[in-house]
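Fold and contact review
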Amino acid sequence: DEARIMDEYADKYLSRLPNFDTQARVFISKELQTYLTIIDKRSNIEPSQHFRLLLTGAKIANDLYAFSPDKVRDSAYLERARAYAIHAINISPRNQVGYLELAKAYVLAGDPDTAIRFLELAADLEPRAREPQIILLKMIQAQGNDDLFRKRWQIARDAIPNFDL
């Protein structure tokens, strides 16, 4: 299964990317860029596999932007991450992972308000899922929006027994 292999390969490198020196980051960035090229060329595959490839592409593109050395950081990665995430959402609009990757791209682009809107969509899709609620609440808290924080805190507390940050 090509999507699974790409997921494993990307996770192997992305999890270690922040710990590498600049030269290693540049090398790994080039390796991962080849995966983005593969994803771009895969349009005639089964939708569930395409969905997974798109989510992997969004994660790779976001992380390449976030962890690339400044000299090779390219905002085009964020555009690709957004495009992959939007395409994934179009394939499976009830899956919150696409919304989470889209929100991450907006955070990296310096647009926390838009990120919060997508985090709310993700949290509302599965209100009992703890992680999206926590990410959303921490983001709202960082923005200092006390009214929205209280509203979303209550939603999380109502949906998840013993919820706490």
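In this report, we go over the structure that sits alongside the text. This one's a predicted model, so the numbers in the text were calculated from it and none came from an experiment.

Describing the overall build of the chain
Helix and strand counts for the chain come out as eight helices and zero strands. Each helix and strand of the chain, placed in order from N terminus to C terminus, yields the pattern α-α-α-α-α-α-α-α. Counting all 165 residues of the chain, 42% fall into the buried class. Pairs at least 24 residues apart make up 60% of the contacts formed inside the chain by residues separated by at least 6 positions. Within the structure as shown, the chain displays about 9000 Å² of accessible surface, and the carbon and sulfur contribution to it stands at 49%.

Quick look at the packing of helix α3 (residues 47-67) against helix α5 (residues 96-108)
What describes two packed helices is the angle between their axes and the distance between those same axes. Axis separation between α3 and α5 bottoms out at 10 Å; the angle between their running directions is 20°. The angle between the axes of α3 and α5 places the two elements in the roughly parallel class. Here α3 runs over α5; the crossing is left-handed. On the side of α3, the interface is formed by Leu 55, Ala 58, Lys 59, Asn 62, Asp 63, Tyr 65 and Ala 66, while α5 contributes Val 97, Gly 98, Glu 101, Lys 104, Ala 105 and Leu 108. Classifying every residue of the contact of α3 with α5 gives seven nonpolar, two polar and four charged.

A word on helix α7 (residues 130-143)
Look at α7: 20 Å from first C-alpha to last across 14 residues, which is about the 20 Å you get at 1.5 Å a residue. Considered for burial, the residues of α7 that qualify are Pro 132, Gln 133, Leu 136, Leu 137, Met 139 and Ile 140. All buried residues of α7 lie within an arc of 160° about the axis, which places them on one face of the element. Facing away from the buried side of α7 by over 90 degrees, the exposed positions are Glu 131 and Ala 142. Its buried side turned inward, α7 meets α5, α6 (112-125) and α8 (146-159). Positive backbone phi, at 75°, marks Gly 144, one or two positions downstream of α7.

Considering the environment of Pro 127
Within the fold, Pro 127 resides in the loop between α6 and α7. Considering only alpha carbons, one finds Pro 127 and Asp 158, 31 residues apart in sequence, at a separation of 9.0 Å. Apart from the residues within four sequence positions on either side, Pro 127 is in contact with Gln 133, Ala 159 and Ile 160.

Here's the deal with the packing of aromatic side chains
Here the structure, examined in full by the defined rule, presents three aromatic pairs. Between Tyr 106 and Phe 118 the ring centres are 5.7 Å apart and the planes differ by 15°, which places this aromatic pair in the stacked class. Placement of Tyr 106 in helix α5 and of Phe 118 in helix α6 is noted, with a sequence separation of 12 residues between them. Summarising the aromatic geometry, the rings of Phe 149 and Trp 153 are spaced 6.1 Å apart at their centres and angled 15° between planes, so their arrangement reads as stacked. Of this pair, Phe 149 and Trp 153 both sit in helix α8, four residues apart, roughly one helical turn. The class of Phe 149 is buried, set by a relative accessible area of 18%. Taken together, the ring pairs connect Phe 149, Trp 153 and Phe 163 into an aromatic cluster. If you follow Arg 82 out to its NZ or CZ, it ends over the ring of Tyr 106, 4.9 Å from the centre.

Thresholds applied
Each chain has its residues counted from 1, following the order in which its sequence is written. Reporting in this predicted model follows two pLDDT cut-offs: at least 70 for local features of residues, and 80 or more for side-chain atom pairs to be given and counted; totals over whole chains, interfaces and linings ignore these cut-offs and use all residues. Each side-chain value is worked out from all heavy atoms of the structure, with water and hydrogens disregarded. Strands are runs of DSSP state E lasting at least 2 residues, helices are runs of H or I lasting at least 4, and numbering of each runs from the N terminus. Exposure is judged per residue with a 1.4 Å probe applied to protein chains only, and the accessible area is read against the type maximum: over 50% gives exposed, under 20% gives buried, and values in between give partly exposed. The criterion used for residue contact is that any of the two residues' heavy atoms lie within 4.5 Å. All accessible areas in this document rest on Shrake-Rupley with a 1.4 Å probe, and a residue is counted as covered only by the protein chains that are shown. For helices, the fitted line uses only the C-alpha atoms of the stretch in contact; every axis is such a line through C-alpha atoms, and the angle between N-to-C directions lies from 0 to 180 degrees. We call two directions roughly parallel when the angle between them is under 35 degrees, roughly antiparallel when it is over 145, roughly perpendicular when it lies between 65 and 115, and oblique otherwise. Two helices that cross are described as forming a left-handed crossing if the nearer one is turned anticlockwise from the farther one by less than a right angle, and a right-handed crossing if clockwise. Basically, the charged four are Asp, Glu, Lys and Arg, the nonpolar ten are Ala, Val, Leu, Ile, Met, Phe, Trp, Tyr, Cys and Pro, and anything else, Gly included, counts as polar. Given the number of residues in a helix, its expected span is that number minus one, multiplied by 1.5 Å. Arc definition: directions from the helix axis to the C-beta atoms. Aromatic contacts are taken between Phe, Tyr and Trp rings whose centres are within 6.5 Å, Trp giving its six-membered ring; a plane angle under 30 degrees counts as stacked, one over 60 as edge-to-face, and the others as tilted. The criterion is that NZ of a Lys, or CZ of an Arg, lies within 6 Å of the ring centre and within 35 degrees of the ring normal, and then a charge sits over that ring.

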